Structure formats: C-alpha cells, structure tokens
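The chain contents come next:
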Amino acid sequence: MADIIQLLPDHVANQIAAGEVVQRPASVVKELMENAIDAGAGEIKLVLKDAGKTLIQVIDNGVGMSPTDARLSFERHATSKIKTAEDLFNLHTKGFRGEALASIAAIAHVELKTKIESAEIGSRIVVEGSEVVTQEAVVAVKGTTISVKNLFYNIPARRNFLKSNPVETRHIIDEFHRVALAHPAISFQMIHNGGDVFNLPESNLRQRIVHILGSKTNEKLVPVSEETDIVKVKGFVLKPEFAKKSRGEQFFFVNDRFIKSSYLHHAVASAFDGLIRTEHHPGYFLYLEVDPHSIDINIHPTKTEVKFEDEHAIYAMLRSTVKHSLGQFNVAPILDFEKDAGFDTPYDYSKRSAVMPTIEVDRNYNPFHSERKQADNQFSFKRERQSSWESLYVGLKDEDNREISLDSFAVEGEEMTGSLFEKGNDTQGKVTFQIQNKYIVTSIKSGLMVVHQSLAHQRVLYEGFLRSITVQEGVSQQLLFPITLHFSKPKVVLLKNIVEQLERTGFVFTAIDEEQIEIGGVPGGLSEADVAGIFEQLISDFESDIPNAGFSQNDLLAKSLAKSMAIKSGVSLEPEAQEHLIHQLFACKEPSVSPDNRPILITLDVTDFDKKFM
Ligand code: ADP
Ligand code: MG
C-alpha cells in the first residue's frame, strides 16, 4: 500500500487550532485584550457590532509591532513571549502559545494596524482565511488596532451555532469583566453598536469592582489580605448577606490571570459555612500571587485552568484567610485597607443612623392560607365550570366538563376516560394529606394520586403569568414603601427589555435608573421579602438563556417567576390549601407536567396494591 500520511496545510492546521481557541466572539475578545495587555497598553478600547458577530475591534496604545513582526504575528507558533520550554514555567505574560492571531485569521477577516514608537510610519495587514491579502505602510499612532470581521465566515456550522446576540454579548461582557478586574491600573472602554457599555478609568481594585458591578457593591466588600511563603492573597469577598442564588460574582485570579478552580472555590465556600443560606453562593474577587515556577498554566488551550504545585497548602490558607476576614468584619465593619479619599466614601454612618420605617413582612406568608378569592383572582383561570375542586370527583363524566384535559395521565385501564376521580356522594369527606411536606396525596377512583406540591404550584403560577402577560393583565398590589434594588448597568439594561411584560404580571416600576430600579407594586399575593430574590433569579435566568423576543421571552419570564414564587418542598399546607392547589392545578391547561416538563403527579392503581398483597 502506498504511503498515505501527509502534513496538513497550514490553513487547515490553523482552522483546527481555531476550534480550540475560538469558540465564540467572546474568545476573540479575550485573546485580543490579553495581547493588548501583554503589549503594555495603558488604555484598551473594545468596539463591537452585533455581539461581535460582525465586528470585534481592539485598540491599544501598547508597544506596537515592527512591519516584520506584524507579518509574523499571524504565523502559527509565532510569539515574542517565550523562547525556550523553560520559559513556560516563568511566565509573566498572558499569551505564550503563539496561536491566537493565526487561529483567528483562519476563520475571519482580520485587519491589523500597528506602529512602534521609534518608527515614522506604521503597517497595515489584511488577512482573510489565513491568506495575507494586503500589506502596506500606513500612517498610524503608536500601538495596535486589530479588527476581526465576519467571524466564522468560512465555517457555517460554527456560525450557525452561535447563540442570540444577547447571549453572545453576555459572554463577551464576562470576558471583559475578567480582564478588566485583573488589571485595574489599565483603563478599559467597551462600545457596542455605537453605545458606551463600560467606561472604566484607571483605578484601584475596589474602585474597579465598583465601576463594574455598580456603586452599591462598595459597601458589600470585605477586604481579604494575607501573605505566606507560597502565596499572597488579596482582594475582597462579598458580605455573607449578599450571597446570591446565582453564581455570578466569583473570581479567582492567579498572577493576574482569571482562572476557574472548583477546588479553590470549595475552600472559599467552606469559609462561608453557616453564614449563608443553603442554595446561595458567596461572591468573591480573590487575587493570588504565586511563584510562576510553582504553577502550570499550559494545561488548557484557553489557559483558564492552572495546576498548583502546592494545592493543599493554598486551599488551607485561602480558607482560613477568608474566614479570618469575615470574622474581623463582624467586629470591625469599617475595616478598609484600600480606602481612597478621591472616591465616594463607602461607609457613610450618618446615613446609616437614619433608619427607614420598617415594613412588617410576614415571611411565613402563604398565599394558600389567605382567602381563596384573592388567590383566585390572580392565578387561576376564571373558568367557573371547571374551577370547583369537588367537580373533579363527581363531574367528569358530564358532557359539561369534558374540557378538563386529563388525557395526559399515564393511567392504564378501561376507566381512564372521564372517571379518574371517584364518583359518589362522599366528596365532602374527601381527604388530602401531605407526605414530608412535599407531596400531596389524595384518593382517586382508580387508586391514589400523588402530587408534587412545588411543581404543581409552578404550573399554576406559570399559566397564570403567561395569561397576564399575553391576555389579561394581572392584579397588582401597591407597596407602602417602594423597594429599591441595585444592579450593574448591563443587568438593568436586561430588565428594561422585559419591563413591559413584568408590568403586565403586576410589577409596578416607579423609577429605573442606570444602576437601580424602584418597585412600587408587585403581583398580588407576592411577599415583599421575596422580591429581591425573584429579580436575582430572573436576571440570572435571562442571562443564561436569552430568547430573542416574542413568545419565548414571555415563556421564560413566566417560568422564572413561577419557579421563584412557587411554594417549595418542605412547606406545610393546611388541608384546605392542599385541596385548593389541586383544584387550581386541574384548572390548568396542562396539569400533568411542570413548566420544565417534569411530571407533576403520579397515580397508583388499586391493582398495583392488589399485587403487593398477593
Ligand atoms: P501569543 O500572545 O501567545 O504570543 P498571539 O497569536 O496572540 O500569540 O500573538 C502573536 C504575537 O503577536 C505576540 O507574541 C506579540 O508579539 C504580537 N502581538 C499580538 N498582538 C499584539 C498587540 N496588540 N500589540 C503588540 N504586539 C502584539
Ligand atoms: Mg496572545
């Protein structure tokens, strides 16, 4: 047989490498911004169009490149950052693999303009699909501008797999945050479709965090600082009471490089043990400095994972340092190592003493304990004929009640249609009971029905919200004192997109500023204490899965609200509330599956019991 192995042409090899390095526009943003940092830039500007799908441009005022270097920079394994294998273990730069530009140029239209300080004139290079189409001398200022257009233009499969613009933008913002948080001394700007998204001046660490996450963050930060032989740690953790249900604000940096580490996360999380509620996650911005010889960064193409020589020691140290800081914070809340007079003072005690009138909030409030009337008018459909729980026992055979859709029950047997519930005179004595405050059990004609209370309530709320968003506005309950919630700018922008739908569910917004929203009314039956959590969850749901518009957006909104507001497992319900829930469930269009397609109920046939007694 003839020899069949051949070397891949460069442009193919580059495309393959691109598959590892460039997953989406955000990966390009990361690589280009890191190159600008390695070039010693003091100002970095990121310009985007259409979530980076049309244009990603990074402009820096770093050292620039000579004409020869400019041309070489697009070759694979071309790097100015390391020379020998040993250098890999003494890294002081973000890049070192020499792959990014070659990879990006293989799958996009790239234009590079650059000039070094000492040169009179700069160079411009245009590369398309690994091919240099233009190289010329141009007038330029010191520094480098790289424009990446039409990402994945030659790989339709990749292009088609890109998510909606809001989702891709979210990924870009995440990368932007990571880079900007790692380098507070560099000023960053981000412009998207002509509008300013971030404008971060040169600052200290605390200011940088606050500029990114919003001014209210300032008072949430607890400083962390420790130095040992193997590692230096500095940064901040968020006070335990600001722990969130979403994992948004968790940042580790090792030698100024953002990394992911579930191991180190565990160390920090365990320092918060007992201080935060279950299902909540601590927030942190922790900067580790270690000897470059003691880590390996080259274990992943995107360099977001690091292997430490002394992992266990770092774990223990991190845990105790964070614990210590939290403890110190408890006794000395104004401890602040990095106070900066030029910045608005974080701890304004004069303001603190002016206590706002408190609002009595009944945290145990359960909508089912209140009058049925109130619950009915907001969540259930006003289909009177079907709305009586008792009718489920007696009436299903009647022509009148055929609308109740029970065909989705997986109940075997000839009596399936029309007679799921027991018929008879005993409806008054019908009992429901709870198992472990999680399931509601009731008898039906063929045996037993077990209903998952939380999922059932999710279904009820979900259909109610969908209805109020799309057909008939929900009932609003005015708050005595408006609630103010603080978010970062992009989060407020996100909320603005769904304000109309939220208002239809019953929320009333009295003010929406850049970094805060003021809520004057909430959907009827909603406890005030839950509002903040609901908005956290809503934002995080929308961030991770932003549908473009229309129905799916309403759907996601209804789902998110329903999930946060539904009664949870573990809540004890009065018998009347149990019945009422089941009654509402069966007034739903689809009583058998939750908004997330989980089964809500199961039925157990008497014949199943019979078998057990044989
Ligand atoms: P790496 O960063 O791993 O070295 P890249 O493909 O990202 O590989 O870049 C290749 C080389 O191009 C870099 O080593 C650097 O010398 C040069 N370069 C890239 N971007 C810039 C920039 N913004 N300013 C100056 N030089 C740059
Ligand atoms: Mg690089």
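Reading guide: rules and limits
- Residue numbers restart at each chain and count upward from 1, following the sequence in its written direction.
- Lettering for chains starts from A, numbering for ligands starts from 1, and both go in the order in which the items are written.
- Confidence filtering applies because this is a predicted model: local features only for residues at pLDDT of at least 70, side-chain atom pairs given and counted only at 80 or more, and all residues used for totals across whole chains, interfaces and linings.
- Note that water and hydrogens are dropped before the side-chain values are worked out from all heavy atoms of the structure.
- Categorising residues by exposure relies on relative accessible area from a 1.4 Å probe, with only protein chains included: less than 20% of the type maximum marks a residue as buried, more than 50% marks it as exposed, and the intermediate range marks it as partly exposed.
- Runs of H or I in DSSP of at least four residues are treated as helices and runs of E of at least two as strands, each being numbered from the N terminus.
- When DSSP finds two or more bridges between a pair of strands, those strands are recorded as paired.
- Residues are labelled near a given molecule or strand when at least one of their non-hydrogen atoms is within 4 Å of it.
- In protein, a polar contact means a hydrogen-donor-capable atom and an acceptor-capable atom, both N or O and within 3.5 Å, with residues adjacent in sequence counting only if both atoms are side-chain atoms; elsewhere, any N or O pair within 3.5 Å suffices.
- All accessible-area figures derive from a Shrake-Rupley calculation using a 1.4 Å probe, and residue coverage is judged against the displayed protein chains alone.
- Any residue outside Ala, Val, Leu, Ile, Met, Phe, Trp, Tyr, Cys, Pro, Asp, Glu, Lys and Arg is labelled polar, Gly included; the first ten of those are nonpolar and the last four are charged.
- Angles run from 0 to 180 degrees between N-to-C directions of axes, and those axes are lines fitted to C-alpha atoms, restricted for helices to the stretch in contact.
- Whether two residues are in contact is decided by their heavy atoms: any pair within 4.5 Å suffices.
- Here the nonpolar core consists of buried residues drawn from Ala, Val, Leu, Ile, Met, Phe, Trp, Tyr and Cys, with membership extended through side-chain atoms lying within 4.5 Å.
- Start and end points for every domain follow an automatic or database-based domain assignment.
- Convention used here: angles under 35 degrees read as roughly parallel, angles over 145 as roughly antiparallel, angles from 65 to 115 as roughly perpendicular, and any remaining angle as oblique.
- Here is the rule for handedness: rotate from the far helix to the near one, and if that takes an anticlockwise turn smaller than a right angle the crossing is left-handed, while a clockwise turn gives right-handed.
- By definition here, a salt bridge exists when the distance from a side-chain nitrogen of Lys or Arg to a carboxyl oxygen of Asp or Glu is within 4 Å.
- Every patch collects residues that have over 30% relative accessible area and no salt bridge, joining them within 9 Å if they carry like charges and within 5 Å if they are nonpolar side chains (Val, Leu, Ile, Met, Phe, Trp, Tyr).
- We call Phe, Tyr and Trp rings a pair once their centres come within 6.5 Å, taking the six-membered ring for Trp, and we label the pair stacked below 30 degrees between planes, edge-to-face above 60, and tilted otherwise.
- Sitting over a ring, as applied to charges here, requires NZ of Lys or CZ of Arg to be within 6 Å of the ring centre and within 35 degrees of the ring normal.

Of the two faces of strand β16 (residues 432-435), the one holding Thr432 and Gln434 is buried and the one holding Phe433 and Ile435 is not buried anywhere. For β16 and strand β17 (residues 439-444), the ladder comprises four bridges, and the chain directions are antiparallel. Looking at the pairing, Phe433 lines up with Val441 of β17.

Here the focus is the site of ligand 1. Close to ligand 1 lie 18 residues, the nearest being Asn35, Thr79, Ser80, Lys81 and Gly98. The side chain of Ser80 places a nitrogen or oxygen atom 2.5 Å from an oxygen atom of ligand 1. At 3.0 Å from an oxygen atom of ligand 1 is found a main-chain nitrogen or oxygen belonging to Arg97. Compared with its free state, where it exposes 530 Å², ligand 1 has 93% of that area covered by protein. In terms of residue class, the shell around ligand 1 is made up of six nonpolar, eight polar and four charged.

Right, let's talk about the sheet that holds strand β12 (residues 257-259) for a bit. Sheet strands pair via backbone hydrogen bonds, and the direction of the pair is either parallel or antiparallel. Strand order in this open sheet of five strands is β9-β10-β13-β11-β12, and the pairing throughout is mixed. The open sheet has two edge strands, β9 (221-227) and β12, and neither has a second partner. Along the sheet, successive strands turn relative to each other by an average axial angle of 20°, direction set aside. With three bridges joining them, strand β11 (residues 250-254) and β12 adopt antiparallel strand pairing. In the strand pairing of β12, Phe252 is matched with Ile259. The strands touched by helix α6 (residues 165-182) within the sheet are β11, β12 and β13 (284-289), with β11 carrying the most contacts at an inclination of about 50°.

Turning next to the sheet that holds strand β20 (residues 508-512). Strand order in the open sheet formed by three strands is β19-β21-β20, with antiparallel pairing between adjacent strands. At either end of the open sheet lies a strand with only one pairing partner, and these are β19 (476-486) and β20. Sheet twist, expressed as the average angle between the axes of neighbouring strands with direction ignored, equals 15°. As paired elements, β20 and strand β21 (residues 516-523) share four bridges and run antiparallel to each other. The partner of Val508 across the bridge, within β21, is Gly521.

With 60 residues, the main nonpolar core has Leu32, Met33, Ile44, Leu46, Val148, Phe188 and Phe285 as its most contacted residues. Structurally, this core is a two-domain feature, drawing no fewer than three residues from each of domain 1 (10-202) and domain 2 (211-328). The contact partners of Val148, leaving out residues within four places of it in the chain, are Val28, Leu32, Thr54, Leu55, Ile56, Ile104, Ala108, His109 and Val110.

The subject of this paragraph is the packing of helix α14 (residues 489-497) against helix α16 (residues 531-544). Packing of α14 against α16 leaves a shortest axis separation of 10 Å and a crossing angle of 85°. Considered as vectors, α14 and α16 are oriented roughly perpendicular to each other. Here α14 contributes Lys491, Leu494 and Leu495 to the contact with α16, which in turn contributes Phe535, Leu538, Ile539, Phe542 and Glu543. Within the contact of α14 with α16, the residues separate by chemical class into six nonpolar, no polar and two charged.

Here the focus is the packing of α6 against helix α7 (residues 205-213). Contact pair α6 / α7: the axes reach a minimum separation of 9 Å and the direction vectors enclose 160°. Between α6 and α7, the interaxial angle falls into the category roughly antiparallel. Regarding α6 and α7, the two cross each other, and that crossing is right-handed. Across the interface between the two elements, His177, Ala180 and Leu181 from α6 touch Leu205, Arg208, Ile209 and Ile212 from α7. The class makeup of the residues in the contact of α6 with α7 is five nonpolar, one polar and one charged.

On to the pattern of salt bridges, then. Considering all chains together, one arrives at 19 salt bridges under this definition. In this structure, Glu136 engages Arg124 in a salt bridge whose closest nitrogen and oxygen atoms are separated by 2.7 Å. With Glu136 in strand β5 (residues 131-138) and Arg124 in strand β4 (residues 122-128), this residue pair connects regions lying twelve residues apart in the sequence. In this structure, Lys559 engages Asp596 in a salt bridge whose closest nitrogen and oxygen atoms are separated by 4.0 Å. With a gap of 37 residues between them, Lys559 in helix α17 (residues 551-565) and Asp596 in the loop between α18 (575-585) and β22 (601-605) connect regions that are remote in the sequence. One network of salt bridges, in which partners are shared, links Lys244, Glu249, Lys491 and Glu536.

The subject of this paragraph is α18. In terms of burial, α18 is a largely internal element, nine of the eleven residues being buried. Residues of α18 that are buried include every one of Ala577, Gln578, Glu579, His580, Leu581, Ile582, His583, Gln584 and Leu585, and no others.

Together, Met1, Ile4 and Ile5 make up a nonpolar patch on the protein surface, roughly 490 Å² of accessible area in all. As for its placement among the helices and strands, Ile4 is situated in the segment before α1 (10-21). Judged by its relative accessible area of 63%, Ile4 is exposed.

Within a pair of aromatic rings, the relevant descriptors are the distance that separates the centres and the angle that separates the planes. Counted under the stated rule, the structure contains twelve aromatic pairs. With centroids separated by 5.4 Å and ring planes inclined at 20°, the aromatic side chains of Phe176 and Phe198 adopt a geometry described as stacked. Of the two residues, Phe176 is situated in helix α6 and Phe198 in strand β8 (residues 195-200); the sequence distance between them amounts to 22 residues. Residue classification places Phe176 among the buried positions, given a relative accessible area of 0%. Owing to a relative accessible area of 4%, Phe198 belongs among the buried residues under this scheme. Here Phe251 and Phe253 contribute two aromatic rings whose centre-to-centre distance is 6.1 Å and whose plane-to-plane angle is 5°, an arrangement assigned as stacked. By way of ring pairs, the aromatic residues Phe251, Phe253, Phe258, Phe285 and Tyr287 are connected into one cluster. Above the ring of Tyr287, the side-chain terminus of Lys234 is found at 5.9 Å from the ring centroid.

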